[in-house]
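Residue-level listing of the chains:
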Amino acid sequence: MTMDFTDRLTRVEPSATLAISALATELENEGADVVDLSVGEPDFPTPENIVEAGKAAMDAGHTGYTTSAGIIELREAISEKLADDGLDHGPEEIIVTPGAKQALYEIVQALVEDGDEVVLLDPAWVSYEAMVKMAGGDLTRVDLSETDFQLEPALDDLADAVSDETELLVVNSPSNPTGAVYSDAALEGVRDLAVEHDVTVISDEIYKEITYGVEQTSLGTLEGMADRTVTVNGFSKAYSMTGWRLGYFAGPEDLIDQAGKLHSHSVSSAANFVQHAGVEALENTDEAVEEMVAAFEERRDLVVDLLDDHGVDVAVPDGAFYMMLPVDDSEALRASDDASGDQPRADDQAWCEGALEDAHVATVPGSAFGTPGYARISYAASEERLEEGIERLAEEGYL
Ligand SMILES: Cc1ncc(COP(=O)(O)O)c(C=O)c1O
């Protein structure tokens, strides 16, 4: 039998990162030592106090369903955390989700329908595009690669992209994949456009806690933004809790009511004991977070210095644990172009595949994020592995 799949799924491309991870697994199965700089998760264990709180919650019998929006203790703790960020959302304006990804999915489903226009800032995290397409929306993309991935110098381009037709704008600062933290002036520019054209904005703040010497202002704190911003955050990155699946969103109550229907009819709730561990994370883990952030900052500096030693300039990230490596003029890419007899091209997919095959270093092609000509490096790896990875890339002519 041939199954008849829905348009909303068949129009979504499989993730471009899959080819790279499949190849990496194949190489590892053959015994190769792959330096994996492609991962989107911290390499630290979840802090012990959080693990203990999760276990204690299980022992205490917190293993049944919870209120769909999440246990009140956690929503209150989130409300307090958001208040520290300058945002005013009571527990009734918060939904706890199994990961921030589910939060984003629910918001997009609540707001976007066939033909609605959604604006993304490129390079953009891979799942925004898929989520918008699944909802039937059309994408308008603003390229930040000419401005060192900063938004402020590209505000005119954003103004060209946003119109009265725009339904939704997605802002992710600090950004995956660039690590850029947008300036307050950039966020004010977003605010002016959102207010002028009556646009709802998702502020994906999942990397907010991971910044180096700068602070990321929450978009919803800007005048005029409280009732048009949906703030998304989660526990995966700041608390190294990717596998626990815990995130949340906060926004105006009517959005919470609508998205809450999708939430209750799909996931029901996030796991009960995981939510209890989330309370512990928010209330007692500041020191462990600081230590992880300090380690990421040292690794960022290390990678920037090593690349500089090899004559490669990158836009230095102020947050998250990623950076974009320009790969257009790598020796290896030119050699493969010469061999093919084609005109030189910015084929970041070929660069990433080659880097994996020849140097056994895994990265993610920029085209997966809408920006060809780059590879995303994750520096959520030990200093030793980072040094090894950069050294191998240099030796094989990839820098
Ligand atoms: C920008 C961004 N938003 C959201 C997520 C989702 O995180 P999670 O579902 O693990 O909370 C990620 C994960 O990689 C991300 O990079």
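Residues numbered from 1 in each chain as written. Predicted model: local features only at pLDDT ≥ 70, side-chain atom pairs only at ≥ 80, totals over all residues. Heavy atoms only, no water.

Draft legend 1. Region of the structure containing the domain arrangement of the protein chain. Partitioning the protein chain into domains gives domain 1 (7–45 + 287–395) and domain 2 (64–284). For domain 1 versus domain 2, the separation of C-alpha centres amounts to 26 Å. Here domain 1 and domain 2 share an interface that buries about 2,700 Å² over both sides, 62% of which is from carbon and sulfur atoms. Contact with domain 2 buries area across many residues of domain 1, yet R11, D318 and F369 alone supply 21% of it, more than any other trio. Linking domain 1 to domain 2 there are zero salt bridges. Counting across the interface, domain 1 meets domain 2 through 13 residue pairs in polar contact (both at pLDDT 80 or more). For the side of domain 1 that touches domain 2, the elements supplying multiple residues, two or more each, are α1 (7–10), α11 (286–309), β9 (322–326) and β12 (374–378). Top element by residues in the side of domain 1 that touches domain 2 is α11. It accounts for six residues. Each residue belonging to the side of domain 1 that touches domain 2 can be placed in one class, and the counts come to 20 nonpolar, four polar and seven charged. (Domains from an automatic or database assignment. Buried area = accessible area lost by both parts, 1.4 Å probe. Salt bridge = Lys/Arg side-chain N within 4 Å of Asp/Glu carboxyl O. Polar contact = N/O pair within 3.5 Å; in protein donor to acceptor, adjacent residues only side chain to side chain. Helix = DSSP H or I, 4+ residues; strand = E, 2+ residues; numbered from the N terminus. Nonpolar A, V, L, I, M, F, W, Y, C, P; charged D, E, K, R; others polar.)

Draft legend 2. Broad picture of the sheet that holds β9. Strand order across the open sheet formed by three strands is β9-β12-β11, with antiparallel pairing between neighbours. Of all the strands in the sheet, the pair left with one neighbour each is β9 and β11 (364–365). Where β9 meets β12, five bridges bridge the pair, whose relative direction is antiparallel. The residue bridging M324 from the neighbouring strand is R376, located in β12. (Pairing = 2+ DSSP bridges.)

Draft legend 3. Quick look at the nonpolar core. Counting 91 residues, the largest nonpolar core has L74, F235, Y239, F249 and W351 as the members making the most contacts within it. No other element matches the eight residues that α11 contributes to this core. Counting contributing residues per domain, this core is built from domain 1 (7–45 + 287–395) and domain 2 (64–284), each supplying no fewer than three. Judged by nonpolar contacts, the second largest core, of 28 residues, contains L155, A186, L222 and A315. (Core = buried A, V, L, I, M, F, W, Y, C linked by side-chain atoms within 4.5 Å. Buried < 20%, exposed > 50% of the residue type's maximum accessible area, 1.4 Å probe, protein only.)

Draft legend 4. Just the pattern of salt bridges, in detail. Applying the stated criterion across every chain, the model contains 15 salt bridges. Taken together, the shared-partner salt bridges connect D33, R385, E388 and R392 into one network.

Draft legend 5. Summary view of α11. The end-to-end C-alpha separation of α11 is 35 Å, in line with the 34 Å expected for 24 residues at 1.5 Å each. Taken together, the buried residues of α11 touch β9 and α14 (383–395). Immediately downstream of α11, the backbone of G311 shows phi near 75 degrees, a positive value. (Expected span 1.5 Å × (residues − 1). Contact = heavy atoms within 4.5 Å.)

Draft legend 6. Main features of the packing of aromatic side chains. Summed over the entire model, instances satisfying the criterion amount to 10 aromatic pairs. With a centroid separation of 5.4 Å and 65 degrees between ring planes, the pair formed by F44 and F296 is classed as edge-to-face. Separated by 252 residues along the polypeptide, F44 in the loop between β1 (35–36) and α3 (48–59) and F296 in helix α11 bring together distant segments of the chain. Judged by centre distance (5.0 Å) and plane angle (35 degrees), the ring pair of F296 and F321 falls under tilted. Of this pair, F296 sits in helix α11 while F321 sits in the loop between α11 and β9, and the two are 25 residues apart along the sequence. Accessibility assignment for this pair places F296 and F321 in one class, buried. A network of ring pairs unites the aromatic residues F44, Y207, F296, F321 and Y322 as a single cluster. (Phe/Tyr/Trp six-rings, centres within 6.5 Å; stacked < 30°, edge-to-face > 60°.)

Draft legend 7. Main features of the environment of E146. Its location among the elements puts E146 in the loop between β4 (138–143) and α7 (155–161). Since its relative accessible area comes to 70%, E146 is described here as exposed. Once the C-alpha coordinates of E146 and M225 are considered, the two residues, 79 residues apart in sequence, prove to be 28 Å apart.

Draft legend 8. Spatial organisation of a nonpolar patch on the surface. A cluster of nonpolar side chains, M1, M3 and F5, forms an exposed patch at the surface whose accessible area comes to about 460 Å². With respect to the element layout, F5 can be found in the segment before α1. (Patch = residues over 30% accessible without salt bridge, like charges linked within 9 Å, V, L, I, M, F, W, Y side chains within 5 Å. Areas by Shrake-Rupley, 256 points an atom, 1.4 Å probe, with all protein chains shown as cover.)

Draft legend 9. Local environment of the packing of helix α2 (residues 17–29) against helix α13 (residues 348–359). Running from N to C, α2 and α13 point in directions that differ by 10 degrees, and their axes come no closer than 10 Å. Relative to α13, the element α2 lies roughly parallel. Between α2 and α13, the residues in contact are A19, I20, L23, A24 and L27 and Q349, C352, E353, L356 and E357, respectively. Here the residues of the contact of α2 with α13 are counted per class, giving seven nonpolar, one polar and two charged. (Axes fitted to C-alpha atoms, helices over the stretch in contact; angles between N-to-C directions. Parallel < 35°, antiparallel > 145°, perpendicular 65-115°, else oblique.)

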